[in-house]
Amino acid sequence: MLRYDSKLIARAKELRKNMTPWEVKLWTQFLRDYPVRFQRQKVIGNYIVDFYCAKARLVVELDGGGHYLPQQQRDDTRRTKALEAFGLRVIRFCNADVDNSFYEVCTVIDNAVQQTPAQKK
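Residues numbered from 1 in each chain as written. Predicted model: local features only at pLDDT ≥ 70, side-chain atom pairs only at ≥ 80, totals over all residues. Heavy atoms only, no water.

A. Layout of the sheet that holds strand 2 (residues 47–53). Across the sheet, which stays open at both edges, the 4 strands sit in the order 1-2-3-4 with mixed pairing between neighbours. Of all the strands in the sheet, just strand 1 (39–44) and strand 4 (89–94) have a single pairing partner and so form its edges. Between one strand axis and the next, the sheet turns by 45° as a mean value, whatever way the strands run. Note that strand 1 and strand 2 share 5 bridges and pair antiparallel. In the strand pairing of strand 2, R40 is matched with F51. (Pairing = 2+ DSSP bridges. Helix = DSSP H or I, 4+ residues; strand = E, 2+ residues; numbered from the N terminus. Axes fitted to C-alpha atoms, helices over the stretch in contact; angles between N-to-C directions.)

B. Expanded view of the nonpolar core. The biggest cluster of nonpolar side chains holds 23 residues, and the ones touching the most others in it are L26, F38, L58, V60 and I109. At 6 residues, helix 5 (residues 102–114) tops the list of elements feeding residues into this core. Residues within four places of L26 in sequence aside, it is in contact with L31, F51, V60, L62, F102, V105, C106 and I109. By size, the runner-up hydrophobic cluster in this structure holds 9 residues, among which are V49, L83, F86 and V90. (Core = buried A, V, L, I, M, F, W, Y, C linked by side-chain atoms within 4.5 Å. Buried < 20%, exposed > 50% of the residue type's maximum accessible area, 1.4 Å probe, protein only. Contact = heavy atoms within 4.5 Å.)

C. Summary view of the side chain of N95. Along the chain, N95 turns up in helix 4 (residues 95–100). Among the residues examined, N95 registers a relative accessible area of 13% and is labelled buried. Setting aside residues up to four positions removed in sequence, N95 forms contacts with W22, L62, D63 and G64.

D. View of the environment of I44. When you line up the elements, I44 lands in strand 1. Residue I44 is classed as buried on the basis of its relative accessible area of 0%. Separated by 42 residues in sequence, I44 and F86 place their C-alpha atoms 8.9 Å apart. When near neighbours in sequence (up to four residues on either side) are disregarded, I44 contacts L2, R3, Y4, V49, Y52, V59, L83, F86 and L88.

Encoded structure:
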């Protein structure tokens, strides 16, 4: 079981109710009905990740325009390293990828799940 800051639970619930259009698209058109369970806005450590698959130990993050500012890039790098310290893999997509290359985004996520040792047949 992963550690988490219980103070972030209310914020995670709020974020689930107010997902971005890109999160809604990825959730409703792919992850919600994916054969391996994903969770939305999951608290892990001191962070709330966009999507998490416990069985694959995989975090999927969607990045808007603000993620390309220098300070936010540093914060994202620190966040990724902290999540990786839990033994998780983190994959990131920009919102434009969800808009313009949705099939490819879904394929990358599916491949990441399938490459998890527990998922191999």
